[in-house]
Amino acid sequence: MITTIKKYSFGAHAPTGAVTAQVEEGDTLPYFSVQAEGQGTRFRCPLEKDDVVYGLGETMRGIDKRGGRYVSFNTDNPHHTQDMPSLYGSHNFIVVDGKKTFGAFFDTPARAVFEIDCGGSGEVNVLCERGVTVYIVEGESAHAVVRRFLRAVGRSYLPPLWAFGFGQSRWGYKDERDIRRIARGYAKAGMPLDYICMDIDYMDRYIDFTVNKKRFPDLKAFVVEMKGKGVRLVPIVDAGIKVEPGDPVYEEGVQKGYFCKNIEGKDFCAAVWPGMTHFPDFLRPEVRAWFGRQYKVYTDAGIEGFWNDMNEPAIFYSEYTKGKGGERSEGDPLYRGNTFLSDYRNFCHNIEGKEVNHWEVHNIFGANMTRASAEGLDALLNGRYLLFSRSSYIGAHRYGGIWTGDNASCWDHLRQNVLQMPSLNMCGFLFSGADTGGFGGNASRELLLRWLAVSAFTPLFRDHASKGTRPQECFRFRGKKDFRSILSLRYRLLPYIYSEFMKAALSFDMYMQPLAFGYPQDARARRVEDELLVGESLLIAPVLEKGAKGRRVYLPEAMTEVRWDGASFSARQAAAGEHFVKVPLGEVVFYIRKGKLLPVGGAAMHTGECDLSAVTLLGDGEEYEQYLDDGLTRSVSEDNIRLLRRQG
Ligand code: MIG
């Protein structure tokens, strides 16, 4: 029983599965005033002028969420403007840090609105539109609060080592030839690569759990061929099952009653990529087990990695909204992003025998798809697997990672990537990352290089782009040396990145933190948002501006400044305070904290060539605890930590 966390219920709701710890019920909710509103509750907590409010995972704006309005309502909308209230996930955990420091998790599967000092209101104002369980987390610092929370929601998903390698993706690779060409491009350019994602075009007419036989005549043989080159294949799986008489998955789903029902009690029909589809009722354990089993067609072919998409769920139109203002008409007031919102009231789930409208449980749909996949893969495979999803809710971090959806090739979204990482980590999602280079739009050489220099530190490191954008694979650009430099840095850093990720997961801590968490007494560090702590040893201060020759860096203490120029590391002492540091394209500068060490490994073309035990130590520390295992077995423990001492 955890006593530093208490829970308070305000109305009933379907279980979300977010909190796994036993938590005591409290008497009266502290910090917040409570007011019933509609079918839900409004919570208000005054803020002091200097309070920082952390959390909310995958949302826009800064690490400090003050000044914004955020709506937890999972949405497929690629227009990630600063004031965009909803993205693909709902992560309802905040930490108020100031004179009073505490965390609050609003555990509700329905819509919730967070106004955090919005318009200078001077308060946190949270409307939960349906029943909610509020968890209050106490702790002596924001970091301590987060660590308690992470323990309560359970250990992060653990990916295999190869999932920390570099992945290339593009919506539009359609057949074996396209994929071979990508692998060859990277190999010829001397750039490392661990996996290539297969987007929806690999399927037969976008039908889940099929493979287009013309494009991939022998998937199993192709997987072997690519693995021989050190490259794994990572297919996409979408949430909807195509209405396709004769398709075994469809037939079984219909026959067993596994799909969500429309408001008239028939299987709900919604159009997504394959045309009309049914949505598996992922909230039911037997449906999850059934869906998870379907991955066998791919695991039988030797595949060990997947990404789940369209699981908000995205709905282009449905049997109810078809023709309303035209199919996929942006002019329709009900049309948001890629979805008619009204459709979320048009279908139902079955929770323990009771019919529940989708609207009531909207935010846990995608999370349960991830859970279905993970439980299926746990049964189908022996080792760890790569799994990341677009939609999520806290709790899904135990089953897979997430990527941050359809960003664009713009400098603002590069910055947003940096700002989102610590917020995601606070909500459990350690294994996350953005589409490097941007999904929509055309990435310039400069933007992609700067982005690679950020993603080189994020656990999920994938270059992904949309159909119709300019080619975004690193080897397509001139001046390949610069790209090679950053990609090879990632592989040199893998002994550290892998070790720090695994240690963070094992100890219920974050992998990427705001500067404020490392230097809570430093008033200036508390305000810095464009520098991050990565693991226990590193501080990164990436260049996020177009045309910049370098940037201003604030160091809360003296550190070792390390410059990677593509061939070697050079180190020098940097004093505490503000510096201008020059960072030419293709170089990466980062800092090793005082008294810490960084283990770096040798060059590799894929993780299969990495020897994580052969490391050199940089920095002025004495010891480093390295987590080391075979990168695949599921039994992970603190026994895998070895102590490294600085030589000489
Ligand atoms: O409606 O599968 O976010 O990564 O490439 C677009 C095609 C559907 C959205 C995903 C994106 C993916 C794309 N998908």
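Everything below is about the structure shown above.
Note that this is a predicted model, so its numbers are computed, not measured. Along each chain, residues carry numbers from 1 onward, in the same order as the chain's sequence is written. For this predicted model, a pLDDT threshold of at least 70 governs which residues receive local features, and a threshold of 80 or more governs which side-chain atom pairs are given and counted, while totals over whole chains, interfaces and linings are taken from all residues. Working from all heavy atoms in the structure, the side-chain values ignore hydrogens and water.

Draft legend 1. Quick peek at the overall build of the protein chain. Looking only at helices and strands, one finds 12 helices and 43 strands in the protein chain. The C-alpha extent of the protein chain, read off along each of the three principal axes, is 75 × 65 × 50 Å. Taking all 648 residues of the protein chain together, 65% fall into the buried category. Contacts are assigned to residue pairs that have any heavy atoms within 4.5 Å of one another. Of all intrachain contacts in the protein chain linking residues separated by at least 6 positions in sequence, the fraction that spans at least 24 positions is 72%. On the protein chain, roughly 22500 Å² of surface is accessible, and the fraction owed to carbon and sulfur atoms is 48%. By the counting rule applied here, Lys and Arg register as positive and Asp and Glu as negative, while His and the ends of each chain are not counted. By convention, charge coordinates are those of NZ in Lys, CZ in Arg, CG in Asp, or CD in Glu. Computed over 81 positive and 82 negative side-chain charges, the separation of the two mean positions in the protein chain equals 4 Å. Helix and strand labels come from DSSP, where a helix needs a run of H or I of at least four residues and a strand needs a run of E of at least two; each type is numbered from the N terminus. Here's how the labels work: a residue is buried when its accessible area is under 20% of the maximum for its type, exposed when over 50%, partly exposed in between, all with a 1.4 Å probe on protein chains only. Note that accessible areas follow from Shrake-Rupley with a 1.4 Å probe, and for residues the cover is restricted to the protein chains shown.

Draft legend 2. Looking closely at helix H3 (residues 219–228). Those residues of H3 that fall on the buried side of the exposure criterion are Leu219, Phe222, Val223 and Met226. Down the axis of H3, the sector holding all buried residues measures 105°, keeping them to one side. In H3, the exposed residues that point more than 90 degrees away from the buried face are Lys220, Val224 and Gly228. In this structure, the buried side of H3 is in contact with helix H2 (176–188), strand E14 (195–198), strand E15 (232–238) and helix H6 (296–299). Where H3 ends, the next residue or the one after it, Gly230, has phi of about 85°, a positive value. Here, the arc refers to the directions that run from the helix axis to the C-beta atoms.

Draft legend 3. Up close: the sheet that holds strand E26 (residues 386–389). By the convention used here, strands pair only if DSSP detects at least 2 bridges between them. Within the open sheet, the nine strands sit side by side as E29-E28-E26-E20-E15-E14-E13-E31-E30. Their pairing is parallel. Every interior strand has two partners, whereas the edge strands, strand E29 (432–433) and strand E30 (435–436), have only one. Strand direction decides the pairing type here: E14 and E15, joined by four bridges, are parallel. Across the sheet, the residue bridging to Met198 is Pro235, located in E15.

Draft legend 4. How the structure looks around the site of the ligand. Neighbouring residues are identified by heavy atoms, a residue being near a molecule or strand if any of them is within 4 Å of it. Among the 13 residues in the neighbourhood of the ligand, the closest are listed as Asp199, Asp309, Arg390, Asp406 and His464. For this analysis, a polar contact is any N or O atom pair within 3.5 Å, provided that within protein one partner can donate a hydrogen and the other can accept it, and provided that sequence-adjacent residues contribute only side-chain to side-chain pairs. Residue Asp199 places a side-chain N or O atom 2.5 Å away from an oxygen atom belonging to the ligand. Against a free-state accessible area of 350 Å², the protein chains account for coverage of 97% of the ligand. Tallied by class, the residues present in the shell around the ligand amount to eight nonpolar, one polar and four charged. As a working rule, the residues Ala, Val, Leu, Ile, Met, Phe, Trp, Tyr, Cys and Pro are called nonpolar, Asp, Glu, Lys and Arg charged, and the rest polar, with Gly in that last group.

Draft legend 5. Spatial organisation of the nonpolar core. Ranked by internal contacts, the top residues of the largest apolar core, which has 184 residues, are Phe93, Leu219, Phe291, Leu452, Phe457 and Phe590. Once residues within four sequence positions are removed from consideration, Phe291 is found in contact with Asp208, Phe209, Val237, Asp238, Ala239, Ile241, Pro280, Phe282, Met369 and Ala372. In this structure, Leu29, Cys45, Ile94 and Phe114 belong to the second largest nonpolar core, which totals 24 residues. Residues belong to a common nonpolar core when they are buried Ala, Val, Leu, Ile, Met, Phe, Trp, Tyr or Cys residues joined through side-chain atoms within 4.5 Å.

Draft legend 6. The pairing of E14, seen in detail. Here E14 shows no split at all, with Tyr195 and Cys197 on one side and Ile196 and Met198 on the other all buried. Two elements, strand E13 (residues 166–168) and E14, share two bridges in a ladder whose sense is parallel. Paired with Gln168 across the bridge in E14 is Ile196. Here the term right-handed applies to a crossover when the path leading from its first strand over the helix to its second strand runs clockwise, the strands being oriented away from the viewer. Handedness of the crossover joining E13 and E14 through H2: right-handed.

Draft legend 7. Molecular detail of the sheet that holds strand E16 (residues 241–242). Strand order in the open sheet formed by four strands is E16-E19-E18-E21, and the pairing between neighbours is antiparallel. Only two strands of the sheet have a single partner each, and these edge strands are E16 and strand E21 (317–318). One ladder, built from two bridges, connects E16 with strand E19 (residues 275–278); its direction is antiparallel. Directly across from Lys242, in E19, lies its bridge partner Thr277.

Draft legend 8. The arrangement of the pairing of strand E37 (residues 569–574) in detail. Pairing geometry for strand E36 (residues 559–564) and E37, over six bridges, is antiparallel. Within the sheet, the bridge partner assigned to Trp564 lies in E37 and is Phe569. The hairpin turn running from E36 into E37, its antiparallel successor, is four residues long, and Gly566 in that turn takes a positive phi close to 105°.

Draft legend 9. Quick peek at the packing of aromatic side chains. Ring pairs are drawn from Phe, Tyr and Trp, using the six-membered ring of Trp, whenever the two centres fall within 6.5 Å, and their geometry is named by plane angle: stacked under 30 degrees, edge-to-face over 60, tilted for the rest. Taken as a whole, this structure holds 56 aromatic pairs when the rule is applied. Taken together, a centroid distance of 5.0 Å and an interplanar angle of 80° make the contact between Phe10 and Phe43 edge-to-face. Of this pair, Phe10 sits in strand E1 (residues 2–10) while Phe43 sits in strand E4 (residues 40–46); the two residues are 33 residues apart in sequence, bridging distant segments of the chain. Accessibility expressed as a relative area gives 0% for Phe43, which makes it buried. Ring geometry for Trp307 versus Trp403: centroids 5.3 Å apart, planes at 70°, classification edge-to-face. Placement of the pair is Trp307 in strand E20 (residues 305–309) and Trp403 in strand E28 (residues 401–403), with a sequence separation of 96 residues. Owing to a relative accessible area of 1%, Trp307 belongs among the buried residues under this scheme.

Draft legend 10. Representation of the packing of helix H9 (residues 411–426) against helix H10 (residues 445–455). One can describe the packing of H9 onto H10 by two numbers: an axis separation of 11 Å at closest approach and a directional angle of 0°. Judged by the inter-axis angle, H9 sits roughly parallel to H10. Judged by residue contacts, Trp411, His413, Leu414, Asn417 and Val418 of H9 engage Glu446, Leu447, Arg450, Trp451, Val454 and Ser455 from H10. Looking at the contact of H9 with H10 residue by residue, the class counts come to six nonpolar, three polar and two charged. Axis angles are defined between N-to-C directions and span 0 to 180 degrees, where every axis is a line fitted to C-alpha atoms and, for a helix, only to the segment in contact. Reported orientations rely on four angle classes, namely roughly parallel under 35 degrees, roughly antiparallel over 145, roughly perpendicular from 65 to 115, and oblique for the rest.

Draft legend 11. View of the side chain of Asp509. Within the secondary structure, Asp509 sits in the loop between helix H11 (480–506) and strand E32 (512–514). Its relative accessible area of 12% is what places Asp509 among the buried residues. Of the polar contacts made by the side chain of Asp509, one reaches the side chain of Arg147; its length is 3.3 Å.

Draft legend 12. Just unusual backbone geometry, in detail. Each neighbour pair has its own omega, and for Glu312 with Pro313 the value is 0°, a cis peptide bond. If you trace the backbone, Pro313 turns up in the loop between E20 and E21. With a phi close to 70°, Arg61 is a non-glycine residue in the positive phi region. Relative to the elements of secondary structure, Arg61 occurs in the loop between strand E5 (52–55) and strand E6 (68–72). A positive phi angle is found at Tyr206, which is not glycine, with a value near 60°. Looking at the element boundaries, Tyr206 is found in the loop between E14 and H3.

Draft legend 13. How the structure looks around the packing of helix H5 (residues 285–293) against helix H8 (residues 365–380). Following both chains from N to C, one finds H5 and H8 inclined at 60°, their axes separated by 7 Å at the closest point. Compared by their axis directions, H5 and H8 come out oblique. H8 is crossed by H5, and the crossing has right-handed handedness. Contact residues: Arg288, Phe291, Gly292 and Arg293 in H5; Asn368, Met369, Arg371, Ala372, Glu375, Gly376 and Leu380 in H8. Of the residues belonging to the contact of H5 with H8, the class tally is four nonpolar, three polar and four charged. Working rule for handedness: look at the near helix, and if it is turned counterclockwise from the far one by less than a right angle, call the crossing left-handed; if clockwise, right-handed.

Interpretation in functional terms is not warranted from these geometric data alone.
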